[in-house]
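Residue-level structure breakdown
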Amino acid sequence: ILKDKQSKLLYNSFNQLFISKNANYNEALGYIIEKYSGLLNEEQIMNLYNRFDSEIQKTYYLSKMIDNLKCDQKVAKGKKAPDFALEDLKGNKYTLESFKGKYIFLEFSASWCGWCKKEIPYIKKAYNTFKNKNIVFVTVMMDEKKNLWENEIKKYSIPWLSLSDLKGIKYSSIAKEYNITGVPVSFLIDPNGII
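Throughout what follows, the structure given in this document is the object of discussion.

For the rest of this paragraph, the subject is the overall build of the protein. Per the secondary structure count, the protein includes nine helices and six strands. Looking at the protein residue by residue over its 195 residues, the buried ones come to 40%. Across the protein, every contact between residues at least 6 apart in sequence was considered, and the portion connecting residues at least 24 apart equals 66%. Distance between charge centroids for the protein: 5 Å, based on 30 positive and 22 negative side chains.

As structure tokens, this is what we get:
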């Protein structure tokens, strides 16, 4: 409810800014809307985007916002989860197919992420509650150095599967496929591979 109120308030504020019509101002407004677009829903984003002139729509930030929206739509509830090929700390390879027939709690994390550390106790509780059920817990680490990833797993005694491609958020193909621009983020995937 709070997120809906926040989204509506932000959306209404942006709509008020459209009252003043100036090309330079609109380009700056495009930048601001893109920065806050993560707090808006798809309909709000498209309504705001469509209020810009076609030339302003082509600017970097508005194009980026629409690209992010398209990526979000690829990993929305009900969509087929993108496949991946990642390794654990021992070099064993896993793909989405490795977990076929099971639910997957897929979490994206990193050793440098403070919020991720705060989630660990809650994920541990869920893991301990459901570990003997038809679900696998998988953390995808967005680190670039194996020692940082390995130290994090040891330090927090993480008992579930941890995978990585050691490319970080910026260059990781799984981060791009799942539209990961920050962590923590998690998905629940059903036994048929649907988010």
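More follows now that the structure is in view.
All right, on to helix α7 (residues 146–155) then. When we look at burial in α7, the residues that qualify are Trp149, Glu152 and Ile153. Angularly, the buried residues of α7 cover 95° about the axis, an arc narrow enough to put them on a single face. Those residues of α7 that are exposed and angled more than 90 degrees off the buried face are Lys154 and Lys155. Elements in contact with the buried residues of α7: β1 (85–87), α6 (114–130), β4 (135–141) and β5 (161–163).

Before going further, it helps to spend a moment on the state of the cysteines. Think of a disulfide as a covalent bridge from one cysteine sulfur atom to another cysteine sulfur atom. Enumeration over the complete set of coordinates arrives at one disulfide. Paired through a disulfide, Cys113 and Cys116 show a sulfur-sulfur distance of 2.3 Å. Measuring the twist about the S-S bond at about 85°, one finds the Cys113-Cys116 disulfide to be right-handed. Residue classification places Cys116 among the buried positions, given a relative accessible area of 1%.

Now for the sheet that holds strand β6 (residues 185–189). Across the sheet, four strands lie side by side as β5-β4-β3-β6; this open sheet has mixed pairing. Of all the strands in the sheet, just β5 and β6 have a single pairing partner and so form its edges. Direction aside, neighbouring strands of the sheet carry axes that sit 20° apart on average. Across five bridges, the pairing between strand β3 (residues 103–109) and β6 is antiparallel. From the neighbouring strand, Phe108 faces β6, where its bridge partner is Val185. Against the sheet, α6 contacts β3 and β4, and its axis sits at roughly 160° relative to β4.

Turning to the nonpolar core, a few remarks are in order. Membership of the largest hydrophobic core comes to 27 residues, with the highest contact counts inside it found for Phe84, Leu106, Phe108, Val138, Met142, Tyr178 and Val183. Elements that contribute at least two residues to this core include exactly β3, β4, β5, α9 (173–177) and β6. Residue contacts for Val138: discarding those within four places in its chain leaves Phe99, Ile104, Phe105, Leu106, Glu107, Trp160, Leu161 and Leu163. Tyr11, Ile45, Leu48 and Leu69 belong to the second largest nonpolar core, which has 16 residues in total.

What follows deals with the side chain of Gln57. With respect to the helices and strands, the residue Gln57 is situated in helix α4 (residues 54–57). On the basis of relative accessible area, Gln57 is assigned to the buried category, the value being 15%. A distance of 3.4 Å separates a polar atom in the side chain of Gln57 from the backbone oxygen of Phe52. Leave out the neighbours within four places in its chain, and Gln57 touches Tyr49, Asn50, Phe52, Leu62 and Ser63.

Turning our attention to the packing of helix α1 (residues 2–17) against helix α3 (residues 42–49). At a minimum axis separation of 11 Å, α1 and α3 run at an interaxial angle of 5°. The angle between α1 and α3 falls in the class roughly parallel. Contacts from Ser7, Lys8, Tyr11, Phe14 and Asn15 in α1 reach Gln44, Asn47 and Leu48 in α3. Class assignment for the residues of the contact of α1 with α3 results in three nonpolar, four polar and one charged.

Here the residue pair Val183 and Pro184 is connected by a cis peptide bond, since its omega of 5° sits within 30 degrees of zero. Within the element layout of this structure, Pro184 appears in the loop between α9 and β6. Despite not being glycine, Leu166 shows a phi value in the positive range, around 55°. With respect to the helices and strands, Leu166 occurs in the loop between β5 and α8 (168–171). Here Leu166 falls in the partly exposed class, since its relative accessible area comes to 28%.

How each quantity is defined
- Residues numbered from 1 in each chain as written.
- Predicted model: local features only at pLDDT ≥ 70, side-chain atom pairs only at ≥ 80, totals over all residues.
- Heavy atoms only, no water.
- Helix = DSSP H or I, 4+ residues; strand = E, 2+ residues; numbered from the N terminus.
- Buried < 20%, exposed > 50% of the residue type's maximum accessible area, 1.4 Å probe, protein only.
- Contact = heavy atoms within 4.5 Å.
- Lys, Arg positive; Asp, Glu negative; His and termini not counted.
- Charge placed at Lys NZ, Arg CZ, Asp CG, Glu CD.
- Arc of directions from axis to C-beta.
- Disulfide = S-S within 2.5 Å.
- Pairing = 2+ DSSP bridges.
- Axes fitted to C-alpha atoms, helices over the stretch in contact; angles between N-to-C directions.
- Core = buried A, V, L, I, M, F, W, Y, C linked by side-chain atoms within 4.5 Å.
- Polar contact = N/O pair within 3.5 Å; in protein donor to acceptor, adjacent residues only side chain to side chain.
- Parallel < 35°, antiparallel > 145°, perpendicular 65-115°, else oblique.
- Nonpolar A, V, L, I, M, F, W, Y, C, P; charged D, E, K, R; others polar.

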